[in-house]
Amino acid sequence: MTREAVSAAKPAVRVQAKTGKVHGAASAAVLKGLVYGAAMLTFAVLLFLLGYILVTGIPHLKPSLFQWNYTSENVSMMPAILTTVETTALALLLAVPLGLFTAVYLNEYAKRGNKLVNVIRITTETLSGIPSIVYGLFGMLFFVTRLHWGYSLLAGAMTLAIMILPLIMRTAEEALMAVPDSYREGSFGLGAGRLRTIFRIVLPAAGPGILSGVILGIGRIVGETAALIFTAGTMAQIPGLFQSGRTLAIHMYVLSGEALHMNEANATAVVLLLVVLLMNTLSALAAKKLTKK
Amino acid sequence: MKNFRENLMHMVFFLCALTSIFAVVLICIFLFANGVPAMKEIGLLDFLTGAKWKPGNDIYGILPMILGSLYITAGAIVIGVPIGLLTAVFMAFYCPKKLYGLLKPCTELLAGIPSIVYGFFGMVIIVPAVRAVAGVFGADISGSSILAASILLGIMILPTIIGVSEAALRAVPMSYYEGAVAMGARHERAIFTVMVPAAKSGVLAGIVLGIGRAIGETMAVIMVAGNQPRLTGSMLKGIRTMTANIVLEMGYATGLHREALIATGVVLFVFILLINLAFSVLKRRKEA
C-alpha cells in the first residue's frame, strides 16, 4: 500500500471508528486534532513571521537606504550589501573547490571501507555540528590574531568557508552518488581516463545537485552573524581584503541594538528574507532539474 | 604525461579530502590552547561551578551561563519537540500530496531564515507578548526571559525536528502500518502505537540534533534572553547563555577576562562534541 493509498483509506477507517468502542474513537479524535493543530501552528507561525517582517518592513525600504555611503544620519545598507557579496564570493572561492574535490575523492577514488574515509566522514559530521559562534572564536584566534590579519574581510570569508564546507561536501557527494555507474562505465569503455570521466561526464551530470548545495551555502553565508562579528568586524564600509566590513546580517544586528534605528533594522530584515527566499527557490529549482534528468 | 596528470589530480583530490580533518584538528588546538590556561589560572572547579561572573573583580564563574544554556535548551525542547513531532506525523501520514508540495518547501524556508531575523522577530513580538501576558497576572517584568528565549528557540528547532523525524517515519516499512490496520487498529492508533515507536531512534536523533542547534544558538538568544549573568529558577527572569557571554563581552575583553571568555567557548565546544557523539551513536543504531 502506498502512502497516497493510506490517505485515501482514511474514510474507511473512520467508518470503522463509529462502530468501535467510544473510548478508542475519542482518543483517536484527540490525536488527530493534535496532529492537525500542531501542523497548523507550525505553518501559522511561519506565515506570521514572514508576514510581520514584510508588512512592517517594506514601508521603511527607502531609496536613501541604498546610497553608496553609510553615515550616522543615513544608515545606508549599500556598503553592507556589497560586503555581503564580497564575503560570499571569497568564501565560495575556497569552499566550493575544497568541498567538491573532497566529494570526488570520497565517491570516485576512495575504496569502500577505507579507514581514512570514515575519519573524514566523522570530522565532517563534527564540523557541521559546531555552532557558528565557535567558528567565530576560532576565526578570531587563528586568522585575526595568529595570522595577524586583523578584523578583515578575508578572515571572515575564510571562517565562513570552513563553516559551509560540510554542507557543500555533503550535497556534492549526494549529487555524485546519484550519477548512474553506467555513465562511468560508458566513458571508460570509450577509452576515457578517470580524470576525463570525472570532469566531462560525472561532474556535468551532477551539476544541478552541486549547484543546489552551493546556493544553500550562499543562503547560510548571507544569514550568518555570530561567526563574523569577531572575524570581519562591524565597520560600515566597502572593504578591501584586509579591511573590516559588515555584512547585511551584522548590519541588522548592530542596528537592532540601537533603539533609534529599529525601522532600518526592519527594512534590512526584509532584504535578508527576500535573499534567503530567492536562494531557497533557486536551490529547489536546481535540485528539481537533477531529479527530472 | 597522461599518467602524471591522473596521479597529480588524484593527489589533489586526496589532499582536499583531508581539509575537514585538518580543520577539526586546528579548531581543537586553537580553542584548547587559548582556553585551557585560563581554566587553570581560575581553577577548573571554580570556573565551572562558580556562581559569580564579575570580570571587574576578576571573578569568573560560569555556572549561571551553563545553567542558562541548559534551561533555555530544555525549554526549547519542551516547546519544539511535541509540535515538531506531531507536524512530522502530519507531513508523513496526513498531508494530501498537493498540499505537501507546498508545505515541504515551507519547512525548508523555516530552516533558512537567518537567526538574526528570528531574533528580531522575538524582540518585537515574543518579548512584548510575554511582558503583556505576565502583566495580566500582575507581574511587572521586561519580558526578556528564559520563557521568551525558549519559545523562540522552540520555533527555530522546528525544521530540524520535523525534517529528521519525518525522514525516520517514512523509513518505517509500510507493512507495519498495514499489519496494524489489519488487526483492527485505527489510522491514529496504527501511527502512534506502531509507526512512531518504530521510528524512535530516528526521532531521538532529530531531538539530539535540535539540542545541538539550541545550545549553540547565539544571536537570536542575545536579543530575547535578557543576558543577566545570574542564577535564577524563574522562567520569567532574564538569564545569560554561554554563547551570549562570549559575544557580549569579547569586544572589549582583555587579559584573563578574554581568556575566560574563550574558555567559555571551550566548555560550549565540549558540550557540542558530546551532543555530536550522542547523535552519531543514535544514527548508527538506526542504521544497524
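Computed from a prediction, not measured in an experiment: that's the story for all the values here. (Residues numbered from 1 in each chain as written. Chains lettered and ligands numbered in written order. Predicted model: local features only at pLDDT ≥ 70, side-chain atom pairs only at ≥ 80, totals over all residues.)

What follows concerns the overall build of chain B. The number of helices and strands found in chain B is 13 helices and 2 strands. Judged by the C-alpha coordinates and their principal axes, chain B covers about 80 × 70 × 30 Å. Counting the 288 residues in chain B, one finds 52% classified as buried. Of the contacts formed within chain B by residues at least 6 apart in sequence, a portion of 74% connects residues at least 24 apart. (Helix = DSSP H or I, 4+ residues; strand = E, 2+ residues; numbered from the N terminus. Buried ≥ 20, exposed ≤ 12 C-beta atoms within 10 Å, placed from the backbone. Contact = placed C-beta atoms within 7 Å.)

Before going further, it helps to spend a moment on unusual backbone geometry. All names here are of chain B. A positive phi is found at Asp-58, a non-glycine position, where the angle reads about 60°. Looking at the element boundaries, Asp-58 is found in the loop between strand 1 (53-54) and strand 2 (59-60). Look at Asn-227: it is not a glycine, yet its phi comes out positive at around 70°. With respect to the secondary-structure elements, Asn-227 resides in the loop between helix 11 (219-224) and helix 12 (242-250). Taking the number of C-beta atoms within 10 Å as the measure of exposure, Asn-227 has 20 and is therefore buried.

Quick look at the UniProt feature "domain: ABC transmembrane type-1" (unreviewed entry) in chain B now. Here, UniProt's "domain: ABC transmembrane type-1" (unreviewed entry) annotation points to residues 66-279 of chain B. Spanning residues 66-279 of chain B, this segment combines 80% helix with 0% strand, and its end C-alpha atoms are found 21 Å apart. (UniProt positions renumbered as here; feature names shortened; annotations may be inferred.)

What follows is about the domain arrangement of chain A. Residue and element names in this part refer to chain A. Assigned domains within chain A: domain 1 (3-60) and domain 2 (68-292). Counting from both sides, the interface comprises 7 residues of domain 1 and, opposite them, 7 residues of domain 2. Here the side of domain 1 that touches domain 2 is built from residues that sort into 4 nonpolar, 3 polar and no charged. (Domains from an automatic or database assignment. Nonpolar A, V, L, I, M, F, W, Y, C, P; charged D, E, K, R; others polar.)

Quick look at the nonpolar core now. Counting 184 residues, the largest nonpolar core has Leu-272 of chain A together with Val-89, Leu-152 and Val-224 of chain B as the members making the most contacts within it. Per-element accounting of this core gives the leading share, 17 residues, to helix 6 (residues 153-177) of chain A. Two domains each put at least three residues into this core: domain 1 (3-60) and domain 2 (68-292) of chain A. Sequence-distant contacts of Val-224 of chain B, that is, excluding residues within four places in its chain, are made with Gly-119, Gly-122, Met-123, Ile-126, Val-127, Ser-144, Ala-148, Ala-149 and Leu-152 of chain B. (Core = buried A, V, L, I, M, F, W, Y, C linked by C-beta atoms within 7 Å.)

Within the secondary structure, Tyr-105 of chain A sits in helix 3 (residues 78-109). With 12 residues separating them along the chain, Tyr-105 of chain A and Val-117 of chain A place their C-alpha atoms 9.3 Å apart. Leaving out residues up to four positions away in the same chain, Tyr-105 of chain A has contacts with Ala-110 of chain A together with Phe-13, Phe-14, Cys-16 and Ala-17 of chain B.

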